[in-house]
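Chain by chain, the residues:
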Amino acid sequence: MIEREDMKAEDRDRVKKRNKARNKKLGITLVVEIIVFVVLIVLYGIYSINDKADAIVIDDIQEEDIVMNDIKSENIDKYTTIALFGGDSRTSGTFGKGTHSDSIMIASINDKTKEVKIVSVYRDTYWDIYSKEDGEMGYNKANAAYFLGGPECAMSTLNANMDLKIKDYVIVDWKAITNAIDALGGVDVNIESNEIEILNKALDEQIKTNGIISKGVYDTGMQHLNGAQATAYCRIRSTGQGDITRTERQREVIASIIAEAKQADLATLNDVVDE
């Protein structure tokens, strides 16, 4: 009886050892699979980022080509400031000299808190136009700077007239903003009765220019606009206070884009970034 019980104990020990070895192998296999999975995710992330970066048209502007005042301020180096331009280019993807930057904004990013503030510059602001290549070019409307000398001249003019240190810029055309808003599923804006006719005229012009078809807007109050409609809304400047009111519309649309983006899922945001 004792001998049989000892045999059973030995069998149990062998089974435990065999199970322990098997579990160890399974554990190692699982760890390896997790590592491979993580590596694949990282590699996909790198590929995805590179793929998106390749889709961006990079204009390699040298800092020495931009006019910057000698500013004595401790605060200015605590912020990253970027010029944002909306190009009234009738040919998609044309962003060089000869483009009217009818929408001009300045984005200021607090490097410590990451807070972002955006202000508009009125296109008809009368400024001294500056270019590193041509020097002082005389007084003209603010949006003439980009047209006369491209982004270098536009950033130089902003810096010289507003004591800024802008070295970077982003410009988009009608089609880009239209597609990005469509990728989000549209935006909500408040439509006034005096805006409808002009909005639809701007929309017709866009359809002829970029071929993105859209129905018109015929109702007032809070409306959910698609990308083409929202772009046309941003372009209205013959009501209210002209360009002052137009920049208000542009900031309203940007605020609505941000609100929609905060609620969007990862796949939607991925599509927006692509656009």
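Computed from a predicted model, the values in this text were never measured in an experiment.

Q: Help me understand unusual backbone geometry, please; the structure alone is not making it clear to me.
A: Most peptide bonds adopt trans geometry, and most residues besides glycine take a negative phi value. Of note in the backbone geometry, K114 takes a positive phi value of approximately 70° without being a glycine. By the secondary structure assignment, K114 is in the loop between β2 (101-110) and β3 (116-121). The class of K114 is exposed, set by a relative accessible area of 57%. With a phi close to 50°, D163 is a non-glycine residue in the positive phi region. Take D163: its relative accessible area is 46%, and that puts it in the partly exposed class.

Q: Can you help me understand the side chain of T178 in this one?
A: Looking at where T178 falls in the secondary structure, it is placed in helix α3 (residues 174-184). A distance of 2.9 Å separates the side chain of T178 from the side chain of T231, its partner in a polar contact. Dropping the residues within four chain positions of it, T178 is found in contact with I212, G227, A228 and T231.

Q: What is the right way to look at the packing of aromatic side chains in this model?
A: Two aromatic rings are characterised by how far apart their centres lie and by the angle between their planes. Enumeration according to the criterion identifies 3 aromatic pairs in this entry. Between the aromatic rings of F85 and Y146, the centroid separation amounts to 5.2 Å while the plane-to-plane angle is 70°, which identifies the pairing as edge-to-face. One end of the pair, F85, is in strand β1 (residues 79-87); the other, Y146, is in helix α2 (residues 144-162), and 61 residues separate them in sequence. Note on Y146: relative accessible area 0%, which makes it buried. Here the aromatic residues F85, Y146 and Y169 are joined through ring pairs into a cluster of three or more. Positioned above the aromatic ring of Y233, the side-chain terminus of R249 is 6.0 Å from the ring centre.

Q: I keep staring at α2 and nothing clicks. Help me out?
A: Since the α-helix packs 3.6 residues into each turn, any two residues three or four apart lie on the same face. Between its first and last C-alpha, α2 extends only 16 Å over 19 residues, short of the 27 Å set by a 1.5 Å rise per residue. Taking the largest bend as the criterion, α2 deviates by roughly 140°, centred on G150, and proline P151 comes between one and four positions later. Directly beyond the C-terminal end of α2, a positive phi value near 50° is found at D163.

Q: Could you clarify how one ought to interpret a nonpolar patch on the surface in this entry?
A: Together, I28, V32 and V36 line one region of the surface with nonpolar side chains, adding up to about 250 Å² of accessible area. Its location among the elements puts V36 in helix α1 (residues 2-55). Of the residues examined, V36 reaches a relative accessible area of 43% and is grouped as partly exposed.

Reading the values: the criteria
- Residues numbered from 1 in each chain as written.
- Predicted model: local features only at pLDDT ≥ 70, side-chain atom pairs only at ≥ 80, totals over all residues.
- Heavy atoms only, no water.
- Helix = DSSP H or I, 4+ residues; strand = E, 2+ residues; numbered from the N terminus.
- Buried < 20%, exposed > 50% of the residue type's maximum accessible area, 1.4 Å probe, protein only.
- Polar contact = N/O pair within 3.5 Å; in protein donor to acceptor, adjacent residues only side chain to side chain.
- Contact = heavy atoms within 4.5 Å.
- Phe/Tyr/Trp six-rings, centres within 6.5 Å; stacked < 30°, edge-to-face > 60°.
- Lys NZ or Arg CZ within 6 Å of the ring centre and 35° of its normal.
- Expected span 1.5 Å × (residues − 1).
- Bend = angle between axes of the 7 residues up to and from the residue.
- Patch = residues over 30% accessible without salt bridge, like charges linked within 9 Å, V, L, I, M, F, W, Y side chains within 5 Å.
- Areas by Shrake-Rupley, 256 points an atom, 1.4 Å probe, with all protein chains shown as cover.
- Salt bridge = Lys/Arg side-chain N within 4 Å of Asp/Glu carboxyl O.

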